[in-house]
Structures are given as structure tokens and as C-alpha cells.
Amino acid sequence: MLDGIAERLAAVTRPFADVLDFGCFDGAFDPPNGARVARVDAGFAFARASGGVQADEDRLPFADASFDLVVSAGVLDQVNDLPGALALVRRVLRPDGLFLGAFLGAGSLSTLRAVLLEAEGDRPAARLHPQVDVRSAGDLLVRAGLTLPVADVETLTVRYSGLGRLLADLRGMAGTSLLAGTTPLRRDTLARAAEAFAARADPDGRTAERFAIVNLSAWAPAPTQPAPARRGSATASLADALRPKR
């Protein structure tokens, strides 16, 4: 996700002075040259390790128009109030400030979902929190008041030697379910899930899992930005343009 954000940032020619690393994990995001960076994370250990501030992503403790760049990798799918979090991103951006984000979206972990449903039989529990699809993500950018929104999805396939390795990765990236009141997996259920996961393995013994990364970019409104033409201002007829030439 950070690599994707870095690639999109490299395509922007304007400088950035103040950057917010929104969900910083261990502070691995490298800000543009000369930029000051503030880091925030909901996890105390992550915030401390990166020299940042501990705060919920939908309760940012920063003043309006504090940053000209906000980046967020890997946390927006776990925020309790995603529309509110994006509205706060809009609030802390200066006019013509840029937001770049990435998170796991709908379609991710399809193999894990299938083996858990199979293992739990007639009474499956919700084990993964809801995921946002790419179209809804783009709509949320507009709803937050951001302009020139772009949302796309990149699919990665990772092959695992066993279910335990996948679960370890999810724990390591703080990607396990955040749903309240979910009953813990019993050992026999987990064993059945591991068997079902292994049964889906390729001939080399590895099972494929899908990660759908939703990438977002948008800008805070500014008078200097390009805007669509006023409705009804066209000087040529679309019907005439589409009419076959003789």
C-alpha cells in the first residue's frame, strides 16, 4: 500500500510542506523531501514507536487546514465511522491539499471466508468486519466534500503454506475482525478450517488468498481547480455529433 501511495505521490509535481500520516503503524511512510510530518494511530504501541499521537481515526486532534497532504495506508477499512473520518481528512486539509489512501476492500480474504463458513456449519458467526467496495469508496470521497476523486482497486494473490501463516499475517497487520461480541473460535472449528484451507491448496501445497487493495486519491476544494462546465453551456449538439456522416 505504501508503495502504491509513493508511486502516486511521485506523479504530483507540487511541493508539500506539512504531511499527516493517518494510521502510521511503525512510521514507515517516507514523506516528500523537506516536509514536516505528523503521525497518528489508534494503537498506543504504533503511535509511540513512530513518535506520533494516539487518537481514533474518526476523532482527529488537529486544527482545520493544518496539512497540505494526508496519506493513509491500511486503516480506513477498520474505522468505526468511515464517512466521519473522511470528513475530518477534508477538514484538516488546506485548500488544494491532497489525500492519498489505501485499504483492504471488498473481495479480500475470500478463501478465509469460505473455509470459516465450511468449518462452522449451520451456525456460522461473522468473523470478518464489513468491507468497502471501490464504488462506495469513491462515493464517500464525494460525500466528504473532496474533489477530483479517483478510486481504483488492485488485486494481490498471496499463497500460504497453511491457515496459521495467514492468520499470523492478519494479526501482524492488525487486520483481524474488530466486530464486537464475536465468540472466539473453538479449537475443533479452527482445525476444520485449517483442513478446508489445506484442501484448497495447489499441487505445491500452497493455498491462494486474495487481497483487494482499494486506492483513493482526492483533493480539498480550491478556486484554482478545474471544474466541469455549467449545465446547458454547450455550444454543439451531441445529437449532431453522433449523426452518421453521408
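As the structure is a computational prediction, the values presented were derived from the model and not from experiment. (Residues numbered from 1 in each chain as written. Predicted model: local features only at pLDDT ≥ 70, side-chain atom pairs only at ≥ 80, totals over all residues. Heavy atoms only, no water.)

A. Expanded view of the sheet that holds strand β4 (residues 67-73). Pairing is mixed in the open sheet, where 7 strands are placed in the order β3-β2-β1-β4-β5-β7-β6. Edge positions in the sheet fall to β3 (53-54) and β6 (147-160), since each has one partner strand and no second. In terms of strand pairing, strand β2 (residues 36-41) meets β3 through 2 bridges, oriented parallel. Residue D41 lies in a different strand from β3, and its bridge partner there is Q54. (Pairing = 2+ DSSP bridges. Helix = DSSP H or I, 4+ residues; strand = E, 2+ residues; numbered from the N terminus.)

B. Highlighting the pattern of salt bridges. For the structure shown, the criterion picks out 12 salt bridges. Residue D188 is joined to R186 by a salt bridge in which the shortest nitrogen-to-oxygen separation is 3.0 Å. Here D188 falls in the partly exposed class, since its relative accessible area comes to 35%. Take R186: its relative accessible area is 51%, and that puts it in the exposed class. Taking the shortest distance from any N to any O, the salt bridge between R192 and D188 comes out at 3.6 Å. Of the two residues, R192 and D188 are both situated in helix α7 (residues 187-199); the distance of 4 residues between them amounts to about one turn of the helix. The exposure class assigned to R192 is partly exposed, which follows from its relative accessible area of 37%. Beyond isolated ion pairs, a larger network of salt bridges with shared partners links D18, R36, D68 and R94. (Salt bridge = Lys/Arg side-chain N within 4 Å of Asp/Glu carboxyl O. Buried < 20%, exposed > 50% of the residue type's maximum accessible area, 1.4 Å probe, protein only.)

C. Expanded view of the pairing of strand β5 (residues 93-104). Most of β5 sits inside the fold, with 9 of its 12 residues counted as buried. Read from β4 through helix α3 (residues 82-92) to β5, the crossover connection turns out right-handed. Both β5 and strand β7 (residues 207-219) contribute to a ladder of 7 bridges, which runs antiparallel. Its bridge partner lying in β7, A102 is registered against N215. (Right-handed = clockwise from strand over helix to strand, strands pointing away.)

D. Representation of the packing of helix α6 (residues 163-172) against α7 in the model. Between α6 and α7, whose axes approach to 9 Å, the crossing angle comes to 110°. Accordingly, the angle class assigned to the pair α6 and α7 is roughly perpendicular. Note on element contacts: α7 touches α6 through L190, A193, A194 and F197, opposite L163, L166 and L167. Classifying every residue of the contact of α6 with α7 by side-chain character gives 7 nonpolar, no polar and no charged. (Axes fitted to C-alpha atoms, helices over the stretch in contact; angles between N-to-C directions. Parallel < 35°, antiparallel > 145°, perpendicular 65-115°, else oblique. Contact = heavy atoms within 4.5 Å. Nonpolar A, V, L, I, M, F, W, Y, C, P; charged D, E, K, R; others polar.)

E. Representation of the nonpolar core in the model. Membership of the largest hydrophobic core comes to 29 residues, with the highest contact counts inside it found for L20, F22, L60, V70, L76, L86 and F99. For this core, the secondary-structure elements that each account for two or more residues are β1 (18-22), β4, α3, β5, α5 (134-143) and β7. Element by element, the count of residues in this core is highest for α3, at 6 residues. Discounting residues that sit within four places of it in the chain, F99 has contacts with V70, S72, L76, L86, V89, L93, L141, L146, L216, S217 and A218. (Core = buried A, V, L, I, M, F, W, Y, C linked by side-chain atoms within 4.5 Å.)

F. Just the pairing of β2, in detail. Here β1 runs beside β2; their pairing, made up of 5 bridges, is parallel. Bridging from a neighbouring strand, D18 pairs with R36 of β2. For the segment spanning β2, helix α2 (residues 44-49) and β3, crossover handedness is right-handed.

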